[in-house]
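What the coordinates show
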Amino acid sequence: MTVLVFVDPEFPAGRPADPSQPQLSVLDQGVTRGDGVFETLLYTGGAVRKLDAHLARLESSAAMCELPVPSAQAWRSAVGTAVAAYDAARSAAGATEAPGMRHEATVKLVATRGPEGATHGTAWVTVSPAPELGQRQRETGLSVITLDRGYDSEAGDRAPWLLMGAKTLSYGVNMAALRHARKQGADDVIFVSSDGHVLEGATSTVLLAHREGPLKRLVTPTLQTGILPGTTQGAIFAAAQSAGWELGYGPLETQDLFEADAVWLVSSVRLLAPINSIDGVGIPRDRELHAELARMVDGIR
Ligand code: PLP
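Cut-offs used in this document
Residues numbered from 1 in each chain as written. Predicted model: local features only at pLDDT ≥ 70, side-chain atom pairs only at ≥ 80, totals over all residues. Heavy atoms only, no water. Near = heavy atom within 4 Å. Polar contact = N/O pair within 3.5 Å; in protein donor to acceptor, adjacent residues only side chain to side chain. Areas by Shrake-Rupley, 256 points an atom, 1.4 Å probe, with all protein chains shown as cover. Helix = DSSP H or I, 4+ residues; strand = E, 2+ residues; numbered from the N terminus. Salt bridge = Lys/Arg side-chain N within 4 Å of Asp/Glu carboxyl O. Buried < 20%, exposed > 50% of the residue type's maximum accessible area, 1.4 Å probe, protein only. Core = buried A, V, L, I, M, F, W, Y, C linked by side-chain atoms within 4.5 Å. Contact = heavy atoms within 4.5 Å. Phe/Tyr/Trp six-rings, centres within 6.5 Å; stacked < 30°, edge-to-face > 60°. Lys NZ or Arg CZ within 6 Å of the ring centre and 35° of its normal.

Around the ligand, the structure places 17 residues, and the nearest of them are Lys167, Tyr171, Thr231, Thr232 and Ser268. Residue Ser204 places a main-chain N or O atom 3.4 Å away from a nitrogen atom belonging to the ligand. Its free accessible area being 390 Å², the ligand has 95% of it covered by the protein chains. Elements with a minimum of two residues in the shell around the ligand: α2 (51-64), α7 (231-242) and β12 (262-267).

Per the stated rule, a full pass over the model turns up 13 salt bridges. One salt bridge in this structure joins Lys216 and Glu292, with 2.8 Å as the shortest N-O distance. Of this pair, Lys216 sits in strand β10 (residues 215-220) while Glu292 sits in helix α9 (residues 287-298), placing them 76 residues apart in sequence. Across this residue pair, the class does not change: Lys216 and Glu292 are buried.

The next thing to look at is the nonpolar core. General note: in soluble globular proteins, nonpolar side chains tend to be found buried as a group. Judged by nonpolar contacts, the single largest core of 26 residues is most densely connected at Trp75, Val107, Leu109, Val125 and Val127. Taken together, the elements giving at least two residues each to this core come down to β1 (3-8), β3 (36-44), α2, α3 (72-92), β5 (104-112) and β6 (122-129). Examining the composition of this core, we find that six residues originate from one element, α3, more than from any other. Contact partners of Val127, with chain neighbours within four places excluded, come to Met1, Thr2, Val3, Ala82, Val83, Tyr86, Ala105, Thr106 and Val107.

For the peptide bond that leads from Gly250 to Pro251, omega is 5°, which places it in the cis range. Structurally, the position occupied by Pro251 is in the loop between β11 (246-249) and α8 (254-259). The backbone phi angle of Lys50 is positive, close to 55°, even though this residue is not glycine. Examined against the element boundaries, Lys50 turns out to sit in the loop between β4 (47-48) and α2. Of note in the backbone geometry, Leu163 takes a positive phi value of approximately 55° without being a glycine.

On to the packing of aromatic side chains. Overall, the coordinates contain three aromatic pairs when judged by the stated rule. Taken together, a centroid distance of 5.0 Å and an interplanar angle of 85° make the contact between Phe38 and Tyr171 edge-to-face. With Phe38 in strand β3 and Tyr171 in the loop between α5 (155-158) and α6 (172-183), the pair connects residues that are 133 residues apart, well separated along the chain. One exposure class covers both Phe38 and Tyr171, and it is buried. Measuring from ring centre to ring centre gives 5.3 Å for Phe237 and Tyr249, while their planes differ by 55°; the resulting arrangement is tilted. Separated by 12 residues along the polypeptide, Phe237 in helix α7 and Tyr249 in strand β11 bring together distant segments of the chain. Phe237 gets classed as buried once you look at its relative accessible area, which sits at 3%. Above the plane of the ring of Phe191 lies Arg149, whose end atom (NZ or CZ) is 4.5 Å from the centre.

Now the structure itself:
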């Protein structure tokens, strides 16, 4: 079940449409060139999580692409309409929640440059059930392989047209990396720059933790490497800081991952997925650190 609402200046609450019917021009540059930006959010327990942080990142991705996008207020209204319609469709279908199991849905915001020559772009919101694979990986953990991203860690500064750090629709490379990992029998990837810096997953941020006596330290790669600023990483860091953890920002090398007490891939829908092995080598999975971070993730709103 998917619900679709276009962000449309003529419809202040958004314009609902049928996702099973053709809705987008084949000339839309989001389709023909991957020219647009997007965000993926989690809707669960009646709340869309971290909406402000996602809207801020969408604005910043759009600014890097010089792409006009709807106002935060227009997105908010369309998201409200979409999740209300999703809840209504689930109730009408008789969906019930198993005890202790909260239904999880993915909310996607997409903005494109619109058809060639158009005066404005196209923007829409969809709500669909969250993929079960991601939910399972929170429990089972992941095997990952490291993959060369093909750029050095300073490419983002030197070549801003690469749009590193923007969440654009051009995810063909990220999806190819995931297919490559799966052919090797792995679940996911950690990209490494050509000069040896740990970057990010295909659709996630890398976090690692160390424990020394009572001291707990959480580290993530520095944004200066051109990675996407993760909203989940940001929220976990804020919670960890309040809980007295030390925070650190790379640069990190692959060896740092093997020397940590736990390593995770984190993202808005998959949340906190512990890594079991990297390049076929098992790594520590400190269960107490995981349980503590999982409680922080649960508290993110
Ligand atoms: N890095 C990349 C390349 C991503 O695609 C994503 C999410 O899709 C993330 C990091 C994690 O971002 P967030 O925590 O905001 O979902």
